[in-house]
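Each chain, written out:
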Amino acid sequence: MSLVIANGVCKYYGNDEKTRVHALLRVEFTIEPGEYIAVMGPSGSGKSTLLAILGAMTPPSEGSLLVDGIDVYALSQEKRADFRREYLGFVFQQPQLIPYLTALENVMLPLVISDVKDKKGLAAQMLEKVGLGDKAKRLPSELSGGEQSRVAIARAIVNDPPMLLADEPVGSLDSKTGSEILDLFQALHADGQTIIMVTHNPESIRDTGRLIQLKDGVIVSDAATGEVLPAESHAIGNGACR
């Protein structure tokens, strides 16, 4: 069974059909477990909106999102929060670490209300996984930008989420550090992690297996990364929303 099924997803703002603004138009796709997918498109193409919908944070105006057979937006807000905690890991352009907590304590945050008994041990294990086992006691201000990003990735995967969502994960890093973070993503993917990464940087898609291109809220290309169609190609499975 597909891990993700997006069916006829529309997102628009405003109730008047003549003046409403469409962010996504009848977007449809499936994601299989273990895929590493990049989502690209110009500013205003709907990338961030799509990621927010995948992240169970913004309900679509129309259509449905199934993750592991769960109709995400049929859940109550409380159940949706549980879903995010159990199914999703998030990595943003800025690490968003708590400045007064150590690297270890930052990684432990998602475990606060979990049933994991050895929270400290698991967090330490995740820091080792991202190459920061020796930096566990340091505050964010004592870490480089790349190290802060690694802590954020460790925090995102500490709950072993089925899906990792990344929004411009190397957008604020220099090219060398960004390449190291992409190496880490590739290592996670090699371990079986499903990753969906939004990016505007063509260099960031180097290890992805699939590229979805958006333009004006429409999927214009969905192909293997090495066989990318021109962005001007016709829309795939899209049509006007109501």
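Residues numbered from 1 in each chain as written. Predicted model: local features only at pLDDT ≥ 70, side-chain atom pairs only at ≥ 80, totals over all residues. Heavy atoms only, no water.

Looking at an unreviewed UniProt entry, the protein carries the name ABC transporter ATP-binding protein, with the source organism given as Candidatus Aquicultor primus.

Enquirer: Is there a simple way to think about the sheet that holds strand E5 (residues 70-71) in this case?
Expert: In space, the four strands of this open sheet follow the order E2-E1-E4-E5, with antiparallel pairing throughout. On the outer flanks of this sheet lie strand E2 (21-31) and E5, each paired with one strand and no other. Of the strand pairs in this sheet, strand E1 (residues 4-13) and strand E4 (residues 62-67) are connected by five bridges, and their pairing is antiparallel. Looking at the pairing, isoleucine 5 lines up with leucine 66 of E4. On top of the sheet, helix H1 (residues 47-54) reaches E1, E2 and E4; it is set at about 55° to E2, its chief contact. (Pairing = 2+ DSSP bridges. Helix = DSSP H or I, 4+ residues; strand = E, 2+ residues; numbered from the N terminus. Contact = heavy atoms within 4.5 Å. Axes fitted to C-alpha atoms, helices over the stretch in contact; angles between N-to-C directions.)

Enquirer: What am I meant to see in the packing of helix H5 (residues 145-157) against helix H6 (residues 175-190) here?
Expert: When two helices pack together, their arrangement is given by the angle between the helix axes and by the axis-to-axis distance. Their axes nearest at 10 Å, the elements H5 and H6 cross at an angle of 20°. On the basis of their axis angle, the class for H5 and H6 is roughly parallel. The handedness of the crossing between H5 and H6 is right-handed. Of the residues in H6, those touching H5 at Gly146, Ser149, Arg150, Ile153 and Ile157 are Thr177, Glu180, Ile181, Leu184, Phe185 and Leu188. Partitioning the contact of H5 with H6 into residue classes produces six nonpolar, three polar and two charged. (Parallel < 35°, antiparallel > 145°, perpendicular 65-115°, else oblique. Left-handed = near helix turned anticlockwise from the far one by under 90°. Nonpolar A, V, L, I, M, F, W, Y, C, P; charged D, E, K, R; others polar.)

Enquirer: How should I be thinking about the sheet that holds strand E9 (residues 210-215) in this particular structure?
Expert: As a general point, the strands of a sheet are linked pairwise by backbone hydrogen bonds and lie either parallel or antiparallel. Spatially, the six strands line up as an open sheet ordered E6-E7-E8-E3-E9-E10, and their pairing is mixed. What marks the edges here is a single partner per strand, and that holds for strand E6 (88-91) and strand E10 (218-224). Put simply, the sheet's adjacent strands are angled 15° from each other on average, direction ignored. Judged from the four bridges that link them, E6 and strand E7 (residues 163-167) form a sheet pairing that is parallel. Along E7, the bridge assignment pairs phenylalanine 90 with leucine 165. Sitting on the sheet, H1 touches strand E3 (36-40), E6, E7, strand E8 (194-198) and E9, and the angle it makes with E7 is about 155°. Against the sheet, helix H2 (residues 77-87) engages E6 and E7, with an angle of about 75° to E6.

Enquirer: Help me out: how do you make sense of the environment of serine 149 in this one?
Expert: With respect to the secondary-structure elements, serine 149 resides in helix H5. With 53 residues separating them along the chain, serine 149 and glutamine 96 place their C-alpha atoms 9.0 Å apart. Setting aside chain neighbours within four positions, we find serine 149 in contact with Pro95, Leu173 and Ile181.

Enquirer: Sorry, what's going on with H2 here?
Expert: Residue pairs spaced three or four apart in an α-helix point in one direction, given the helix's 3.6 residues per turn. Turning to H2, its buried residues number three or more, namely Arg80, Phe83 and Tyr87. The arc that holds the buried residues of H2, viewed along the axis, is 50°, so those residues lie on one side. Packing partners of the buried residues in H2 comprise E4, E5, E6 and E7. (Buried < 20%, exposed > 50% of the residue type's maximum accessible area, 1.4 Å probe, protein only. Arc of directions from axis to C-beta.)

Enquirer: Explanation requested: the pattern of salt bridges in the structure shown.
Expert: Side chains that carry opposite charge are capable of pairing whenever their charged atoms lie near each other. The tally for this structure, following the rule as stated, stands at nine salt bridges. One salt bridge connects aspartate 82 with arginine 85, and the closest N-O pair in it is separated by 3.1 Å. Here aspartate 82 pairs with arginine 85, and both are found in helix H2, just three residues apart, close to one helical turn. Taking relative accessible area as the criterion, aspartate 82 reaches 23% and is therefore assigned partly exposed. Between glutamate 180 and lysine 176 there is a salt bridge, with the nearest N and O atoms lying 2.7 Å from each other. Taken together, the residues glutamate 180 and lysine 176, both in helix H6 and four residues apart, mark about one turn of the helix. Connected through shared salt-bridge partners, Glu35, Arg210 and Asp222 make up one network. (Salt bridge = Lys/Arg side-chain N within 4 Å of Asp/Glu carboxyl O.)

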